[in-house]
Amino acid sequence: MRSRLKVLINYFSLLLPYWDKSLLSLLCVGIGVLFGMATPLITKVLIDYAYPNRDLNLLTFLVLFGVLIFIFQTFFSDVSSYLDTFIHQTLSIDLRKKFFTRLLRLPLRYHFEKQVGDLMVRVTDDIDVIVDSVAETIPVLIKTTLQLAALLAICLMIDWNLTVLAMLGVPFYFVQTRFFARRFEELQEKSQKQESEIYTFYQEKMSNIKTIKSFNQEIYETDRLIDKLIGMFALVRQNLFLGLFNSFFDATLITLWTSFLAWYAGYRVITGHITIGEIMAILVYLGQIHQPIMDFGTIYKSLTRSFVSINRVDEILEKEPEAYKDTRTFVLFQIEGKIKFDNVSFKYHDAEEFILKNIDLIANPGEITALAGTSGAGKSTIIDLILRFVEPTEGAIYIDDKYDLKKVSLMTLRAYISIVSQDVVIFSGSIRDNLQYGRKVVNGAAMVEAAKAAEIHDFIVGLPGGYDTLIGEGGLNLSGGQKQRLAIARALYRDVKILVLDEATSALDSITEAAIFNNLKQLIKAKTVLMITHRPSSLKNADRIYIINDNVISESGTFAELLDKKGDFYKFYQAQAHESEEEIEEKVELIKYQKRLIKEKLRTAKALKLSPLEKKVLQLYYDERKTYAKISKELGMEPYDISLIRRSAKDKLERLRELEFKE
Amino acid sequence: MSRLKNLFSAILSQDMAKQARQVEAITVLVFVVLLCTVWWLWQLKLDIIQSVKDGQTITVKMDVFDLLLSRNKEQ
Ligand SMILES: Nc1ncnc2c1ncn2[C@@H]1O[C@H](COP(=O)(O)OP(=O)(O)O)[C@@H](O)[C@H]1O
Ligand SMILES: [Mg+2]
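Residues numbered from 1 in each chain as written. Chains lettered and ligands numbered in written order. Predicted model: local features only at pLDDT ≥ 70, side-chain atom pairs only at ≥ 80, totals over all residues. Heavy atoms only, no water.

### Digging into the overall build of chain A
Then comes step 1: When helices and strands are counted, chain A shows 24 helices and 12 strands.
Then comes step 2: Since a compact globule built from 663 residues should have a radius of gyration of about 26 Å, the 37 Å found for chain A marks it as more spread out than a globular shape.
Then comes step 3: Taking the principal axes of its C-alpha atoms as reference, chain A extends roughly 120 × 85 × 45 Å.
Then comes step 4: In chain A, 76% of the contacts between residues at least 6 apart in sequence involve partners at least 24 apart.
Then comes step 5: Split by element, the accessible area of chain A, about 36,700 Å² in all, is 59% carbon and sulfur.
Then comes step 6: Charge-centre separation for chain A: the mean point of 83 positive side chains lies 3 Å from the mean point of 83 negative side chains. (Helix = DSSP H or I, 4+ residues; strand = E, 2+ residues; numbered from the N terminus. Rg over C-alpha atoms; globule rule 2.2 N^0.38 Å. Contact = heavy atoms within 4.5 Å. Areas by Shrake-Rupley, 256 points an atom, 1.4 Å probe, with all protein chains shown as cover. Lys, Arg positive; Asp, Glu negative; His and termini not counted. Charge placed at Lys NZ, Arg CZ, Asp CG, Glu CD.)

What follows is the structure, encoded as structure tokens:
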């Protein structure tokens, strides 16, 4: 309980920057509450003074007074809801910002453990729940306290016997509220977990739609989704039943109690202790008094429920972030770019087996260093080590022989490395945005140079929007090879000392790949290039090759040296080389053919495009089977014209179909 | 009608932080008006006819707040 209070105070302190607005809003609420009390009192005065004494002046005055109060009350309650919304929204932005930056700065290891869907629920749903209760708890608490105090004061003044009796029911209410709050909390925890699972499911399936389709698993996946949704439904039903029980008990308690009070109040009038006006007022007030008490209960319940979300969000906020801006580290400035692995071994922290063992490796500036080896050998892990996504279990990595990677500021380290990773990620946005990702200073000419070097410039210029064409979600879909070339252009455009290509050309044909390497040679004079590849053709470009096998470096040397050794590399080369000579021939032909086809298609398709009018006519004629007369009426044209349009459109359509067929 | 629309779009396009400041200022102003009104009502003594025993009435001077919170045991 103590620690919960601490957590709450921690979260409520988020409101501190808005203390002035909060205070003003509370003031408005207070005024609203006080004025809300006035109406029954006015009624009381009307019944006890104005009517019996036929006092017309008093009547007029009281009505005007009521109107005045109404105006003020409306104004202040509107202002308070405006301010509350403002606080609520800014608070939610603040909290999301805090959460999201923290999330992005968590070490990679943590991102492997958590699923995207789960994190999505935390950043959306859970934060909503927290913001709701943080923003609302204090105002509602104060409002209800005020209301309760005012109501009690007035009631006590009118008749304290009755009021004290009325209050005796309150403890019962709280006992049952506590009981229900606990149950609600348990349920909430379950449903947030279930929600996370569902999101994760959606996310995973939607981003792997091709695999699902190719295995014909659409129905299977839908069924699995339905299972999960039914699970959620069960929880919602439990929640509903609990809610129904809860309000049933609430209502019963309140009805019994107010009936008893109504009887007692009547008794007090009949025995002459209070006037009719007074009993009218007090009955209204006692009827109102259960509202603040119920509000206390609601707040208590929502607060306990929000602890589930608070725990889930805190779980991430409390994780140690990467040493992103550690002040004890070196700031890299003007490096040569030499990378040296000194007897590095690595295993994932909870794993038994080493993924890399005793790696000694040097990548010199101005050279292309290649890593080759079977898949799963740990090549990409070497890259992760250089970027410090993971840290060596043993040994050390040095930059320029002087800087131990462990002691280098992460931010400056990553600023010196440009990477094309194995699975290329293109963000949705324009091509330009993607190329300029992470660049503060924009240099259009350099960007075009990079695109040319990556052999993608021609493709981009051929697009209708050029560099501003939208790609990714909702935009143009790029092929694997196009994405890779774009990623290479992006990496080259960053123009930094160290360039890492992790199977960056795997989806490209050998011709394009060779062209890119040719371009690279001029661009990378002083750079350190680290390249992972399987292709003998690209390995030929490397100045030094490391072969990784069974977690260790089994061979290293230049291409010629390795071939002379007749070891692993020789075998590997033999296996791949023959095929690729023929493949290249074949591929060249194929590419030429494809290019021709695309050009032709683009040219003819433009001329052959159907106009909206033609489409409309075709649709009306063929799909809806209308006569020329009807169509001409609908479109306001001569039937003869329609028939001409129909014929030419039909011709065009047929030629379009033909073209598609050829392809 | 179009004026109303313009007003709405003007209100909605305003900078949020600035608007909140303005709302605060207006509220404080109205609050001062409210205090003045309450003070004025307090000074305003009403003539209230009160019945006493035997159907007789007397007139007393009261402000509206006294009146609202008064107890009328004599009836
Ligand atoms: N996040 C991870 N947690 C545990 N093991 C991993 C993780 N990522 C990769 N591995 C393992 O590390 C090994 C090397 O992977 P990787 O470096 O990607 O191979 P590759 O040489 O094909 O690039 C693989 O056996 C893989 O199973
Ligand atoms: Mg890999």
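### Comments concerning the sheet that holds strand E2 (residues 356-363) of chain A
All names here are of chain A.
Then comes step 1: If you walk across this open sheet you meet the four strands as E2-E1-E4-E5, and the pairing is antiparallel. Each edge of the open sheet carries a strand with a single partner, namely E2 and strand E5 (403-404).
Then comes step 2: One ladder, built from two bridges, connects strand E4 (residues 394-399) with E5; its direction is antiparallel. From the neighbouring strand, Tyr 398 faces E5, where its bridge partner is Asp 404.
Then comes step 3: Against the sheet, helix H12 (residues 379-386) engages strand E1 (339-346), E2 and E4, with an angle of about 115° to E1. (Pairing = 2+ DSSP bridges. Axes fitted to C-alpha atoms, helices over the stretch in contact; angles between N-to-C directions.)

### What about a nonpolar patch on the surface?
Then comes step 1: A surface patch of nonpolar side chains, amounting to about 640 Å² of accessible area, comprises A:Leu240, A:Phe241, A:Leu244, A:Phe245, A:Phe248 and A:Phe249.
Then comes step 2: Here A:Leu240 shows up in helix H10 (residues 218-270). (Patch = residues over 30% accessible without salt bridge, like charges linked within 9 Å, V, L, I, M, F, W, Y side chains within 5 Å. Salt bridge = Lys/Arg side-chain N within 4 Å of Asp/Glu carboxyl O.)

### Here's the deal with the site of ligand 1
Residues and elements named next belong to chain A.
Then comes step 1: If you check the shell around ligand 1, you find Phe 112, Tyr 348, Ile 355, Ser 375, Gly 376, Ala 377, Gly 378, Lys 379, Ser 380 and Thr 381 and nothing else.
Then comes step 2: Interatomic distance of 3.3 Å between a backbone N/O atom of Ala 377 and an oxygen atom of ligand 1.
Then comes step 3: Compared with its free state, where it exposes 560 Å², ligand 1 has 61% of that area covered by protein.
Then comes step 4: Here the shell around ligand 1 takes three residues from H12, the largest share from any one element.
Then comes step 5: When grouped by side-chain class, the residues that make up the shell around ligand 1 number four nonpolar, five polar and one charged. (Near = heavy atom within 4 Å. Polar contact = N/O pair within 3.5 Å; in protein donor to acceptor, adjacent residues only side chain to side chain. Nonpolar A, V, L, I, M, F, W, Y, C, P; charged D, E, K, R; others polar.)

### What about unusual backbone geometry?
All names here are of chain A.
Then comes step 1: Positive phi, normally seen in glycine, also occurs at Asn 216, with a value near 60°.
Then comes step 2: Secondary-structure assignment places Asn 216 in the loop between helix H9 (209-214) and H10.
Then comes step 3: Using a relative accessible area of 61% as the deciding quantity, one classes Asn 216 as exposed.
Then comes step 4: Within the chain, Asn 551 stands out as a residue other than glycine whose phi angle is a positive 70°. (Buried < 20%, exposed > 50% of the residue type's maximum accessible area, 1.4 Å probe, protein only.)

### What about the coordination of the magnesium ion (ligand 2)?
Residues and elements named next belong to chain A.
Then comes step 1: Within the protein, the atoms that donate to the magnesium ion (ligand 2) are Ser 380 (OG) and Gln 422 (OE1), at distances of 2.0 to 2.4 Å. Note that Ser 380 is positioned in helix H12 and Gln 422 in the loop between strand E6 (417-420) and strand E7 (429-430), a separation of 42 residues in sequence.
Then comes step 2: The class of Gln 422 is partly exposed, set by a relative accessible area of 40%. (Donors = N, O, S within 2.8 Å, 3.2 Å for Na, K, Ca; no water.)

### Here we look at the pairing of strand E10 (residues 528-532) of chain A
Moving residue by residue along a regular strand, the side chains alternate between the two faces of the sheet.
Residue and element names in this part refer to chain A.
Then comes step 1: Most of E10 is tucked away: five of the five residues are buried.
Then comes step 2: Of the two faces of E10, both are covered, the one formed by Thr 528, Leu 530 and Ile 532 as well as the one formed by Val 529 and Met 531.
Then comes step 3: As paired elements, strand E3 (residues 368-373) and E10 share four bridges and run parallel to each other. The residue bridging Ala 370 from the neighbouring strand is Met 531, located in E10.
Then comes step 4: Alignment of strand E9 (residues 498-502) against E10, held across five bridges, turns out to be parallel. Bridged to Leu 499 within E10 is Val 529.
Then comes step 5: Handedness of the crossover joining E9 and E10 through helix H18 (residues 510-523) is recorded here as right-handed. (Right-handed = clockwise from strand over helix to strand, strands pointing away.)

### Description of the side chain of A:Lys379
Residue and element names in this part refer to chain A.
Then comes step 1: Take Lys 379: it is sitting in helix H12.
Then comes step 2: Buried within the structure, Lys 379 lacks any salt-bridge partner; its nearest side chain of opposite charge belongs to Glu 503, at an N-O separation of 4.1 Å.
Then comes step 3: There is a polar contact of 3.0 Å between the side chain of Lys 379 and the backbone oxygen of Thr 374.

### Considerations on the domain arrangement of chain B
Residues and elements named next belong to chain B.
Then comes step 1: Domain parsing of chain B yields domain 1 (1-43) and domain 2 (44-75).
Then comes step 2: For domain 1 and domain 2, the distance between their C-alpha centroids amounts to 38 Å.
Then comes step 3: Where domain 1 abuts domain 2, roughly 480 Å² becomes buried across the two surfaces, and 64% of that area is made up of carbon and sulfur atoms.
Then comes step 4: Of all residues in domain 1, Leu 41, Trp 42 and Gln 43 bury the most surface against domain 2, accounting for 78% of the area lost on that side.
Then comes step 5: Across the contact surface, domain 1 and domain 2 share zero salt bridges.
Then comes step 6: For the side of domain 1 that touches domain 2, the per-class residue count stands at four nonpolar, one polar and no charged. (Domains from an automatic or database assignment. Buried area = accessible area lost by both parts, 1.4 Å probe.)

### Section: the domain arrangement of chain A
Residues and elements named next belong to chain A.
Then comes step 1: The assigned domain composition of chain A is domain 1 (16-317), domain 2 (335-416 + 497-557), domain 3 (423-495) and domain 4 (608-661).
Then comes step 2: Listed as interface residues are 16 residues of domain 2 and, on the opposing side, 13 residues of domain 3.
Then comes step 3: Summed over the shared surface of domain 2 and domain 3, the number is one salt bridge.
Then comes step 4: On the surface where domain 2 and domain 3 come into contact, there are seven residue pairs in polar contact (both at pLDDT 80 or more).
Then comes step 5: Every element with two or more residues in the side of domain 2 that touches domain 3 is listed here: helix H13 (410-415) and H18.
Then comes step 6: Residues of the side of domain 2 that touches domain 3, tallied by class, amount to nine nonpolar, four polar and three charged.

### Remarks on H12(A)
All names here are of chain A.
Then comes step 1: The element H12 is largely enclosed, with a buried count of seven among its eight residues.
Then comes step 2: Residues of H12 that are buried include every one of Lys 379, Thr 381, Ile 382, Ile 383, Asp 384, Leu 385 and Ile 386, and no others.
Then comes step 3: In the segment just after H12, Arg 388 is the residue with positive phi, at about 60°.

### Looking at the interface of chain A and chain B
Then comes step 1: With 32 residues of chain A at the contact, the number on the chain B side is 33 residues.
Then comes step 2: Interface area, chain A with chain B, both sides summed: about 2,900 Å², of which 71% is carbon and sulfur.
Then comes step 3: With its nearest N and O atoms 3.2 Å apart, the salt bridge here joins B:Glu24 to A:Lys21.
Then comes step 4: Linking chain A to chain B there are four residue pairs in polar contact (both at pLDDT 80 or more).

### Side note on the packing of aromatic side chains
Residues and elements named next belong to chain A.
Then comes step 1: Enumeration according to the criterion identifies 14 aromatic pairs over all chains in this entry.
Then comes step 2: Taken together, a centroid distance of 5.2 Å and an interplanar angle of 85° make the contact between Phe 75 and Phe 76 edge-to-face.
Then comes step 3: Looking at Phe 75, the relative accessible area reads 26%, which means it is partly exposed.
Then comes step 4: Judged by relative accessible area, which is 0%, Phe 76 ranks as buried.
Then comes step 5: Relative to Tyr 267, the ring of Trp 263 lies with its centre 5.7 Å away and its plane at 10°, an arrangement referred to as stacked. With Trp 263 and Tyr 267 both in helix H10, this residue pair falls four residues apart, about one helical turn.
Then comes step 6: Take Tyr 267: its relative accessible area is 42%, and that puts it in the partly exposed class.
Then comes step 7: Positioned above the aromatic ring of Phe 307 is the side chain of Arg 4, whose terminal nitrogen or guanidinium carbon lies 4.3 Å from the ring centre. (Phe/Tyr/Trp six-rings, centres within 6.5 Å; stacked < 30°, edge-to-face > 60°. Lys NZ or Arg CZ within 6 Å of the ring centre and 35° of its normal.)

### Section: the packing of helix H6 (residues 116-158) of chain A against helix H11 (residues 276-317) of chain A
For any two helices packed against each other, one specifies the inter-axial angle together with the distance between the axes.
Residue and element names in this part refer to chain A.
Then comes step 1: In contact at an axis separation of 7 Å, H6 and H11 are set at 155° when each is read in the N-to-C sense. In terms of axis orientation, H6 runs roughly antiparallel to H11. As for the relative orientation of H6 and H11, their crossing is left-handed in sense.
Then comes step 2: Residue composition of the contact of H6 with H11, grouped by class: 26 nonpolar, nine polar and eight charged. (Parallel < 35°, antiparallel > 145°, perpendicular 65-115°, else oblique. Left-handed = near helix turned anticlockwise from the far one by under 90°.)

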